[in-house]
Amino acid sequence: MSDTYNSLATFAQTWGLVLFVAAFVAVVAYVFWPSKKKDFDEAAQIPLKED
C-alpha cells in the first residue's frame, strides 16, 4: 500500500507542478498579449468614470 501511495503522490506532485506552471505561463501570456492592451486600459478606467 505504501508503495502505491508514494507512486501516486509523486505522480500528482510532478504533473501538478507542470499543470500549474503551464497555467501560470498561459495567464501571463494572456495578460501581456498586445491585442489585449486596449481592453485592459478600458477596464482600468472603470473606477474613475462618473455615472
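Let me sum up the structure you'll find in this document. Bear in mind that the values here come from a model prediction, so they are computed numbers and not experimental data.

Looking at the overall build of the protein chain
Scanning the protein chain from N- to C-terminus turns up two helices and zero strands. With respect to the principal axes defined by its C-alpha atoms, the protein chain has extents near 65 × 25 × 5 Å. Going through the 51 residues of the protein chain one by one, you find that 2% of them count as buried. Roughly 5,000 Å² of accessible area belongs to the protein chain as shown, and the carbon and sulfur atoms make up 71% of that amount. If the 4 positive side-chain charges of the protein chain are averaged to one point and the 6 negative ones to another, these points end up 9 Å apart.

What to know about the packing of aromatic side chains
Under the definition given, this model contains two aromatic pairs. Relative to Phe-40, the ring of Tyr-30 has its centre 5.9 Å away and its plane inclined at 90°; by these criteria the two rings are edge-to-face. Highlighted residues: Tyr-30 in helix α1 (residues 2–31) and Phe-40 in helix α2 (residues 37–45), separated in sequence by ten residues. Note on Tyr-30: relative accessible area 46%, which makes it partly exposed. Among the residues examined, Phe-40 registers a relative accessible area of 34% and is labelled partly exposed.

Details of a nonpolar patch on the surface
A cluster of nonpolar residues, Leu-17, Val-21, Phe-24, Val-25, Val-27, Val-28, Tyr-30, Val-31, Phe-32 and Phe-40, forms a patch on the protein surface that exposes about 990 Å² of accessible area. Counting residues per element, the nonpolar patch draws most heavily on α1, which supplies eight residues. Mapped onto the secondary structure, Val-27 falls in helix α1.

Reading guide: rules and limits
Residues numbered from 1 in each chain as written. Predicted model: local features only at pLDDT ≥ 70, side-chain atom pairs only at ≥ 80, totals over all residues. Heavy atoms only, no water. Helix = DSSP H or I, 4+ residues; strand = E, 2+ residues; numbered from the N terminus. Buried < 20%, exposed > 50% of the residue type's maximum accessible area, 1.4 Å probe, protein only. Areas by Shrake-Rupley, 256 points an atom, 1.4 Å probe, with all protein chains shown as cover. Lys, Arg positive; Asp, Glu negative; His and termini not counted. Charge placed at Lys NZ, Arg CZ, Asp CG, Glu CD. Phe/Tyr/Trp six-rings, centres within 6.5 Å; stacked < 30°, edge-to-face > 60°. Patch = residues over 30% accessible without salt bridge, like charges linked within 9 Å, V, L, I, M, F, W, Y side chains within 5 Å. Salt bridge = Lys/Arg side-chain N within 4 Å of Asp/Glu carboxyl O.

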